[in-house]
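Chains, contacts and geometry: an overview
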There are 2 protein chains.
Amino acid sequence: MARLGVVHTSRGKIHTPAFMPVGTQATVKTLTPEEVKGLGAEIILSNTYHLYLRPGMEIIRTAGGLHSFMNWPGPILTDSGGFQVFSLSKLRKITDDGVYFRSHLDGSKHFIGPEESMEIQRILGSDIAMAFDECSPFPCSYEEALTGVKRTTLWAERCLKSPHAPGQVVFGIVQGSVYPELRARSALEITGLDFPGYAVGGLSVGEPKPIMYEILESTTPLLPENKPRYLMGVGTADCLWEGVARGIDMFDCVLPTRIARNGTALTWRGKVVVRNAEYADDFSPIEDGCGCYTCQHYSKAYLRHLFHAGEILGPRLLTIHNLYFTLSLMEKIRQSIRDGCFEKEKEAFFKQYEM
Amino acid sequence: MARLGVVHTSRGKIHTPAFMPVGTQATVKTLTPEEVKGLGAEIILSNTYHLYLRPGMEIIRTAGGLHSFMNWPGPILTDSGGFQVFSLSKLRKITDDGVYFRSHLDGSKHFIGPEESMEIQRILGSDIAMAFDECSPFPCSYEEALTGVKRTTLWAERCLKSPHAPGQVVFGIVQGSVYPELRARSALEITGLDFPGYAVGGLSVGEPKPIMYEILESTTPLLPENKPRYLMGVGTADCLWEGVARGIDMFDCVLPTRIARNGTALTWRGKVVVRNAEYADDFSPIEDGCGCYTCQHYSKAYLRHLFHAGEILGPRLLTIHNLYFTLSLMEKIRQSIRDGCFEKEKEAFFKQYEM
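About the cut-offs
Residues numbered from 1 in each chain as written. Chains lettered and ligands numbered in written order. Predicted model: local features only at pLDDT ≥ 70, side-chain atom pairs only at ≥ 80, totals over all residues. Heavy atoms only, no water. Core = buried A, V, L, I, M, F, W, Y, C linked by side-chain atoms within 4.5 Å. Buried < 20%, exposed > 50% of the residue type's maximum accessible area, 1.4 Å probe, protein only. Contact = heavy atoms within 4.5 Å. Helix = DSSP H or I, 4+ residues; strand = E, 2+ residues; numbered from the N terminus. Pairing = 2+ DSSP bridges. Phe/Tyr/Trp six-rings, centres within 6.5 Å; stacked < 30°, edge-to-face > 60°. Lys NZ or Arg CZ within 6 Å of the ring centre and 35° of its normal. Axes fitted to C-alpha atoms, helices over the stretch in contact; angles between N-to-C directions. Least-squares fit on C-alpha atoms with pLDDT ≥ 70 in both.

Moving on, we come to the nonpolar core. Ranked by size, the top nonpolar core spans 190 residues in total, and within it Phe251(A), Leu329(A) and Phe251(B) carry the most contacts. The residues touching Phe251(A), leaving out its near neighbours within four places in the chain, are Ala18(A), Phe19(A), Met20(A), Tyr230(A), Leu231(A), Val234(A), Cys239(A), Leu240(A), Gly243(A), Val244(A) and Met330(A).

Structure follows, in structure tokens:
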């Protein structure tokens with residue numbers, strides 16, 4: 001089911017399968033937009049919940065939207081805020097109207113429903129907005145998951161009726177937890193609405209990977225072939241291969257940038273914890289033959305020194321490497337599909353990759 | 001006394017008056033070497049005490065020296081470690097041999113004297129090494145200052161006799177606290193030794209600025225005209241003008257980079273505390289007309305957001321601006337000397353600069 005595609009937005013094309021670096025607070029942590037672009041990113045993701053709370057909508061509105069505020073002229077996808085409200089905020093209460101919650105920053109009271117989410121994303125001015133959904137946790141009972149599916153459909157309809165920014169499109173989201181029949185129902189209901197793209201939500205939330213792969217296998221065939229499919233919150237190397245193999249076109253994940261800041265590098269052989277003592281006098285790059293700026297100029301010994309000395313350049317150099325790795329991996333996946341050898345390359349990858 | 005010059009090192013020329021950005025722990029905090037160079041820096045300073053403790057000499061030696069370790073191919077000046085031992089370490093005991101101290105990192109016991117300092121700087125492989133001196137604190141009695149002057153001369157002789165790295169030169173340091181006759185004595189003794197450059201040490205350690213200027217006025221005329229004069233630890237805009245006016249050729253200071261990380265920007269009108277609430281919806285750059293990357297692409301509102309959100313890009317963008325400001329100021333000073341209008345430009349500067 002692996003496939004090549006191009007997603008067209010008013011701010012540029014996205015060659016799929018694509019990985020979207022995450023810029024939660026209007027910045028891909030440690031990097032400038034030029035660096036993110038230089039690493040090969042064609043689109044970034046930003047978070048509605050965070051930006052709504054800080055700096056707040058008045059400032060983004062006055063700045064003329066998120067692109068202008070953060071100096072990223074390319075496409076931006078914004079999440080709906082739902083997932084982050086559920087996982088980060090306090091005292092949340094979910095009803096069919098939406099979610100009442102308190103800010104994790106200052107405890108202030110807020111409400112976000114489908115209309116509010118669309119309005120925030122309209123002001124942000126993202127190129128792809130996500131429908132406001134209820135993301136079921138894992139584990140989750142059948143009944144809870146069913147409630148989530150029903151609300152997600154109800155809210156999806158209200159999202160489509162809300163005003164969008166010029167050129168902005170909205171993607172629908174399929175929920176249903178780990179229950180194939182709920183996934184099928186959600187897919188049927190959501191694809192019954194006319195979204196230009198569809199996401200599989202509620203995966204990579206703690207369930208075992210084989211279950212994620214099974215759900216994907218039964219769900220993606222239910223999504224229209226001529227529209228992009230986005231697997232939310234997924235971005236480890238193995239899951240990228242497995243997701244593409246199951247017909248996914250778009251991915252996002254904080255992992256490459258987050259573990260970079262903890263001193264962990266991604267390589268074609270698995271993770272390298274640069275902070276470790278064994279690298280104190282290792283003057284080779286993170287990965288031999290890697291074409292990234294970091295590997296071209298710095299040794300593991302130097303990177304380890306930066307982390308131990310608490311120097312900001314450390315997280316920055318590892319973020320560069322990890323995004324380069326992930327975006328290069330996507331290019332390799334695209335090339336292998338182009339060349340008709342996706343399965344062969346996938347096997348070769350897993351042969352040398354240690355999880 | 002303002003003057004133009006060129007300091008020749010085996011790794012390149014330094015056009016003076018020059019400001020040297022500080023890369024304490026083998027990195028100019030938040031920036032890559034290419035960025036530091038792009039901002040106009042022709043030489044950086046690095047700290048012997050810090051690098052001696054972490055990553056330690058074995059690692060720097062194996063890396064082939066500091067330039068190679070940190071990927072900075074240009075000239076590096078290293079301090080002697082003396083000042084930092086006095087100000088950072090614990091339980092220090094100073095004798096004519098040198099300084100016994102405990103690491104501020106782990107409390108481990110160490111000794112650095114003139115020979116040790118030269119040996120560390122030899123391994124670091126800096127282009128300009130500094131003689132190991134005793135920097136008197138402020139305030140300081142005449143007797144203590146006299147002891148410092150005597151030791152500084154004694155140690156300077158021992159530093160000159162110690163082996164250096166290929167192409168490495170050593171600068172002598174004049175001490176004497178705020179006592180003109182001790183300064184004169186120190187200048188006489190130190191210039192009696194054949195150093196290729198001389199620093200004025202022990203200033204900017206807490207004394208009022210008028211006293212610093214007075215000491216400079218009486219000291220620099222005692223230093224050879226054909227050799228570079230370096231005022232250690234000085235780098236505020238007003239002191240740079242005043243230092244050059246008194247015949248100083250080289251400066252270093254952590255201030256531009258340190259206050260950047262606290263959210264304070266340097267401008268031609270004085271400091272701008274970007275963190276302040278008044279800039280929350282100020283969409284103008286830090287300084288109108290500034291040519292730096294930060295001012296060309298980002299508003300104060302965005303920068304303030306980055307600082308409030310704890311984003312690393314904030315300190316990074318302000319470091320770029322503050323170094324650009326300081327290095328541009330030095331270029332303006334050099335140009336004004338070239339054009340024969342140093343005094344006029346200095347006056348114009350102080351007319352709009354708020355301290």
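Let us now look at helix H10 (residues 237-245) of chain A. The buried fraction of H10(A) amounts to 9 of the 9 residues, a majority that puts the element mostly inside the structure. All buried positions along H10(A) are accounted for by Ala237(A), Asp238(A), Cys239(A), Leu240(A), Trp241(A), Glu242(A), Gly243(A), Val244(A) and Ala245(A).

Turning our attention to the pairing of strand E1 (residues 5-9) of chain B. Residue and element names in this part refer to chain B. Summarising the sheet, E1 and strand E2 (residues 12-16) pair through 5 bridges and their orientation is antiparallel. From the neighbouring strand, Val 6 faces E2, where its bridge partner is His 15. Adjacent in sequence and paired antiparallel, E1 and E2 are bridged by 2 residues.

Scanning the model with the defined rule gives 28 aromatic pairs over all chains in all. Arranged with centres 5.1 Å apart and planes meeting at 65 degrees, the rings of Trp268(A) and Phe325(A) form a pair that is edge-to-face. Taken as a pair, Trp268(A) in the loop between strand E14 (264-267) and strand E15 (270-273) and Phe325(A) in helix H14 (residues 313-338) lie far apart in primary sequence, 57 residues in all. Classification of Phe325(A) by relative accessible area gives buried; the value is 4%. With a centroid separation of 4.7 Å and 25 degrees between ring planes, the pair formed by Phe349(B) and Tyr353(B) is classed as stacked. Judged by relative accessible area, Tyr353(B) falls into the buried class, the value being 12%. Following the ring pairs from residue to residue traces out a cluster consisting of Trp241(A), Trp268(A), Phe325(A), Phe342(A), Phe349(A), Phe350(A) and Tyr353(A). Note that Lys93(A) overlies the ring of Tyr100(A), its terminal NZ or CZ placed 5.7 Å from the centroid.

All names here are of chain B. Strand order in the open sheet made by the 3 strands is E6-E7-E8, with antiparallel pairing throughout. Unpaired on one side and paired on the other, strand E6 (90-94) and strand E8 (109-112) mark the two borders of the sheet. Taken over all neighbouring pairs, the strand axes of this sheet differ in orientation by 15 degrees on average, direction set aside. Here strand E7 (residues 99-102) runs beside E8; their pairing, made up of 4 bridges, is antiparallel. Each residue of the ladder has a partner; that of Phe 101, found in E8, is His 110.

With that settled, consider the relation of the copies chain B and chain A. Expressed as a screw operation, the relation of chain B to chain A combines 0.0 Å of axial shift with a rotation of 180 degrees, fitting to an RMSD of 0.0 Å. Here the two chains are linked by the operation of a two-fold rotation axis. Minimal C-alpha separation from the rotation axis in chain B is found for Ile312(B), amounting to 3.7 Å. Comparing interface residues between copies, 100% of those in chain B also sit at the interface in chain A, which points to an isologous, same-surface contact.

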